[in-house]
Amino acid sequence: MRLLFLAVVRRHTGNAVTAERVRDHLEAAGHVCILKDASDLESSSEIAKLIEAESLEAALALHLYRGGRLLQGHGIPFGIIFGGTDLNEDVNHGEKKKVMGQVLEEARFAVAFTESMKEMAQTQWKARQISWAVTCAAGRTGELTKPMEVLPHARPSERAAGKIYVQSQGIVTGPNSAFNWNTFLRQSGINQSADNLHIFLLVCGLRQVKDPLYLVDAFSEWHREEPNVYMVIVGPEVDPVFTREVGARVKRAAGVRLIREMPQGDLHAALKNCFAVVNSSVSEGMSAAILEAMDLEVPVLARNIPGNAAVVKHEVTGLLFSDPQEFVQLAKRLVSDPALEREIVANGREYVRARHSWQAERCTYQNLIRTLEGSIQD
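Predicted, not measured: the structure shown is a model, and the values here were computed from it. (Residues numbered from 1 in each chain as written. Predicted model: local features only at pLDDT ≥ 70, side-chain atom pairs only at ≥ 80, totals over all residues. Heavy atoms only, no water.)

A. Summary view of the overall build of the protein chain. Along the protein chain, the regular secondary structure elements total 14 helices and 14 strands. When burial is assessed residue by residue, the protein chain has 56% of its 378 residues classed as buried. For the protein chain, the share of sequence-separated contacts (at least 6 apart) that also reach a separation of at least 24 residues comes to 71%. Taken as a whole, the protein chain presents about 16,000 Å² of accessible surface, with 46% of it coming from carbon and sulfur. (Helix = DSSP H or I, 4+ residues; strand = E, 2+ residues; numbered from the N terminus. Buried < 20%, exposed > 50% of the residue type's maximum accessible area, 1.4 Å probe, protein only. Contact = heavy atoms within 4.5 Å. Areas by Shrake-Rupley, 256 points an atom, 1.4 Å probe, with all protein chains shown as cover.)

Shown next, in the form of structure tokens:
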């Protein structure tokens, strides 16, 4: 099939990485997948012209509102992937919620990263049932069956009863072997020996929902006590006004640095070299940075919100904090307790490799897209 895939694909963001990975899954199955930035296509007429010009037969969108709303009413079957912000933020805006409900009604399938995201969507819109089902075994293409859905790689509680399927993000990491950690530190304005440092890396697009300033004051106070601890915020400029606010605040904060986004291979190398990865978001769908850190055997400290708690089990696969003071307490504990660090790292690696299989993700998306092909034939 010739597929249109809509997503907000700002460079070096989690959405862009997810979209590229899913496109690769679909193209590996022989489909032509045209990925377009939803931010550049704001009208239905633009989509209609694109569908006609490219002879598109079906579509997929990442984010129920930003991408999904643009696919309504064009007469081609489509599926959607929840992005996190749509369920955590946009549902609080009446008109957006109404539009998203209409999109979900028209979509042939929807994908949630976690069971809690699926339940949230079902509560908000009471998604109707569909008759198609997917069977999938790791490493091979599945088959379509009726009327039950079976996903053997998922837990029984994750077997979707309706059109919303639960598929966690598949994680693949590839650190750049040429990356130089000492150069990275110097470019971050940290002029100390790497051997004596504890670098906490916060990876996020610079927008308010990621709340990169949440820990700044508490971390600065800790840095004054222990000058060998630093927090480095890494991420692309998403909101220009907020980015300026972050930059101004960080300049005044001891022990905190801000650097621009990095190519994925360099970012993975930086993750592997840092002491711990931090997430301070107000809301998350599923943080790729957290999962990548686990895969790279790096401990994670994450804000205790539903999206993070879905993948981080406190004191097992990571540490969850509820306020800046608790973050500092837990960070100090991690620094002083190598046994805890080793246990968390081992458990996190095992969790990602068991529950965030790239092969299982590929199988699911390839089979779900086949349901759109079935819709065309019907």
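B. Local environment of the packing of aromatic side chains. Enumeration over the complete set of coordinates arrives at nine aromatic pairs. Look at Trp181 and Phe184: their rings are 5.1 Å apart centre to centre, the planes differ by 15°, and that puts the pair in the stacked class. Here Trp181 and its partner Phe184 are both found in helix 6 (residues 181-187), three residues apart, which amounts to about one turn of the helix. For the pair Phe200 and Phe219, a centre-to-centre distance of 5.7 Å together with 70° between the ring planes defines the contact as edge-to-face. In this pair, Phe200 is assigned in strand 9 (residues 198-203) and Phe219 in helix 7 (residues 216-225), connecting sequence segments 19 residues apart. Using a relative accessible area of 0% as the deciding quantity, one classes Phe200 as buried. (Phe/Tyr/Trp six-rings, centres within 6.5 Å; stacked < 30°, edge-to-face > 60°.)

C. Focus on the confidence of the model for the protein chain. Looking at the protein chain, the pLDDT average stands at 87 and 89% of residues meet or exceed 70. Within the model, pLDDT remains below 50 along residues 127-135, and this stretch shows 42 contacts once partners closer than five positions in the same chain are excluded. This stretch, residues 137-161, has a pLDDT under 50; its non-local contacts, to residues over four places away or in other chains, come to 58 contacts. (pLDDT = per-residue confidence, 0-100.)

D. Here's a closer look at the sheet that holds strand 14 (residues 319-321). Reading across from one edge, 11-10-9-12-13-14 is the order of the six strands in this open sheet, with parallel pairing throughout. The open sheet terminates on both sides in strands that have one partner only, identified here as strand 11 (256-259) and strand 14. The sheet shows a mean angle of 25° between the axes of neighbouring strands, taken without regard to direction. Two strands pair when backbone bridges link them, and strand 9 and strand 12 (residues 276-279) are joined in this way by three bridges, in the parallel orientation. Paired with Leu202 across the bridge in strand 12 is Val278. Contacting strand 9, strand 10 (229-234) and strand 11, helix 7 runs over the sheet at an angle of about 150° to strand 10. On top of the sheet, helix 10 (residues 288-295) reaches strand 9, strand 12 and strand 13 (300-303); it is set at about 160° to strand 13, its chief contact. (Pairing = 2+ DSSP bridges. Axes fitted to C-alpha atoms, helices over the stretch in contact; angles between N-to-C directions.)

E. Looking closely at the environment of Ala29. Residue placement: Ala29 occurs in the loop between helix 1 (14-28) and strand 2 (32-37). As for Ala29 and Gln366, which are separated by 337 residues in sequence, their C-alpha atoms are 6.6 Å apart.

F. Local environment of the sheet that holds strand 5 (residues 109-112). On the basis of which strands lie adjacent, the open sheet formed by six strands has the order 2-1-3-4-5-8 and parallel pairing. Pairing within the sheet leaves two strands with one partner each, and these edge strands are strand 2 and strand 8 (164-166). Pairs of neighbouring strands in the sheet enclose a mean axial angle of 20°, with direction left out of account. Relative to strand 8, strand 5 runs parallel, the two sharing three bridges. Within the sheet, the bridge partner assigned to Ala112 lies in strand 8 and is Val166. Lying on the sheet, helix 5 (residues 115-125) is in contact with strand 5 and strand 8; it crosses strand 8 at an angle near 165°.

G. Structural detail: the packing of helix 10 against helix 13 (residues 338-355). Two elements in contact, helix 10 and helix 13, have axes separated by 7 Å at closest approach and are oriented at 115°. If you check the angle between helix 10 and helix 13, you find them roughly perpendicular. Seen along the crossing, helix 10 lies across helix 13 with a hand that is left-handed. Taken together, the residues of helix 13 that come into contact with helix 10 (itself represented by Leu291, Met294 and Asp295) are Gly348, Arg349, Tyr351, Val352 and Arg353. The class makeup of the residues in the contact of helix 10 with helix 13 is four nonpolar, one polar and three charged. (Parallel < 35°, antiparallel > 145°, perpendicular 65-115°, else oblique. Left-handed = near helix turned anticlockwise from the far one by under 90°. Nonpolar A, V, L, I, M, F, W, Y, C, P; charged D, E, K, R; others polar.)

H. Fine view of helix 4 (residues 94-106). Here helix 4 spans 19 Å end to end across 13 residues, near enough to the 18 Å set by a 1.5 Å rise per residue. Among the residues of helix 4, those classed as buried are Val99, Met100, Gly101, Val103 and Leu104. Those residues of helix 4 that are buried are in contact with strand 4 (78-81), helix 3 (85-88), strand 5 and helix 5. (Expected span 1.5 Å × (residues − 1).)

I. Up close: unusual backbone geometry. At His63, a residue that is not glycine, the phi angle is positive and equals roughly 100°. Structurally, His63 is set in the loop between strand 3 (58-62) and strand 4. With phi around 65°, Glu297 is a residue other than glycine that occupies positive phi space. Mapped onto the elements, Glu297 comes out in the loop between helix 10 and strand 13.

J. Inspection of the pairing of strand 4 at higher detail. By the alternation rule, side chains of strand 4 split into Phe78 and Ile80 and Gly79 and Ile81, which are all buried. In the sheet, strand 3 pairs with strand 4 via four bridges, with the strands oriented parallel. Note that in strand 4 the partner of Leu62 across the bridge is Ile81. Strand direction decides the pairing type here: strand 4 and strand 5, joined by three bridges, are parallel. For Ile80, the partnering residue across the bridge sits in strand 5 and is Ala110.

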